[in-house]
Amino acid sequence: DAKTTQPPSMDCAEGRAANLPCNHSTISGNEYVYWYRQIHSQGPQYIIHGLKNNETNEMASLIITEDRKSSTLILPHATLRDTAVYYCIVRGTSGSRLTFGEGTQLTVNP
Amino acid sequence: EADIYQTPRYLVIGTGKKITLECSQTMGHDKMYWYQQDPGMELHLIHYSYGVNSTEKGDLSSESTVSRIRTEHFPLTLESARPSHTSQYLCASSEWDSYTEAFFGQGTRLTVV
């Protein structure tokens, strides 16, 4: 699975959009981009995933660049409860394992 | 809501004791995983399984062992607990197809004194 790079921390004001970047320059054609988050040492929670098209669900939007070498997770209206560590993961074939990097600590400030 | 359960949630145990951390899922998932996480640190994959009678070591070396006799059950055992085993242990499961999400349990926080 391709390696990902994320900033270690970010801050966002409550009510504003939080844009979390992820670089995955070695991604291959059959690999998906996944985002999870972990709130204060609870079990990680799935947010969204995509292959090459932009995706949106009730939690967030995922924007993947045309060359697929980077992506951005967007929380449109961040709340205090969105404070968490956000993990960007690239996964490919059915045999691939699920491994996490260091993630981005997002802090939403009042 | 995810149907994956870990017991106990918290465990304090003395050095040298044998312990088993339980993980069960009712979603019929083939893949199951164990992670170890120290406070404020990364999640490290220590064991995974692709199905019954399949177990593999993860990226982080661990003295624990696992078994997968039933699809729904993936227990982790420490034969002789040590203070260095103090950590949080998280279990997860997913369908065989990697293009679906994984579900996590709430974790077991283990303290060895």
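Everything discussed here concerns the structure shown above.
On a predicted model such as this, the values are computed, not experimentally measured, just so you know. (Residues numbered from 1 in each chain as written. Chains lettered and ligands numbered in written order. Predicted model: local features only at pLDDT ≥ 70, side-chain atom pairs only at ≥ 80, totals over all residues. Heavy atoms only, no water.)

## Quick look at the environment of Tyr36 of chain A
- Mapping Tyr36 of chain A onto the fold places it in strand 3 (residues 32-38).
- Since its relative accessible area comes to 0%, Tyr36 of chain A is described here as buried.
- Engagement of the side chain of Tyr36 of chain A in a polar contact is seen with the backbone nitrogen of Ala102 of chain B, the distance being 2.8 Å. (Helix = DSSP H or I, 4+ residues; strand = E, 2+ residues; numbered from the N terminus. Buried < 20%, exposed > 50% of the residue type's maximum accessible area, 1.4 Å probe, protein only. Polar contact = N/O pair within 3.5 Å; in protein donor to acceptor, adjacent residues only side chain to side chain.)

## Thoughts on the packing of aromatic side chains
- Scanning all chains against the criterion turns up 10 aromatic pairs over all chains.
- Centre to centre, the rings of Tyr36 of chain A and Phe100 of chain A are 5.8 Å apart; their planes meet at 70°, and the pair counts as edge-to-face. Within this pair, whereas Tyr36 of chain A is found in strand 3, its partner Phe100 of chain A is found in the loop between strand 8 (84-91) and strand 9 (104-109), the two being separated by 64 residues in sequence.
- On the accessibility criterion, Phe100 of chain A (7% relative accessible area) is buried.
- With a centroid separation of 5.6 Å and 80° between ring planes, the pair formed by Phe100 of chain A and Tyr35 of chain B is classed as edge-to-face. Of this pair, Phe100 of chain A sits in the loop between strand 8 and strand 9 while Tyr35 of chain B sits in strand 4 (residues 31-37), on two different chains.
- Site record: aromatic cluster; members linked through ring pairs are Tyr36, Tyr46, Tyr87 and Phe100 of chain A together with Tyr33, Tyr35 and Phe104 of chain B.
- When the ring centre of Tyr34 of chain A is taken as reference, the NZ or CZ atom of Arg91 of chain A above it lies at 6.0 Å.
- Between Arg68 of chain B and the ring centre of Phe74 of chain B, over which it is positioned, the NZ or CZ distance is 5.9 Å. (Phe/Tyr/Trp six-rings, centres within 6.5 Å; stacked < 30°, edge-to-face > 60°. Lys NZ or Arg CZ within 6 Å of the ring centre and 35° of its normal.)

## What to know about the sheet that holds strand 1 (residues 9-13) of chain A
Residue and element names in this part refer to chain A.
- Taken together, the 5 strands give an open sheet; going across it, the order is 1-9-8-3-4, and neighbouring strands pair in mixed fashion. Because the sheet does not close on itself, it has two edges, and the strands there are strand 1 and strand 4 (45-50). Across the sheet, the axes of successive neighbouring strands diverge by a mean angle of 25°, strand direction being ignored.
- Where strand 3 meets strand 8, 7 bridges bridge the pair, whose relative direction is antiparallel. (Pairing = 2+ DSSP bridges. Axes fitted to C-alpha atoms, helices over the stretch in contact; angles between N-to-C directions.)

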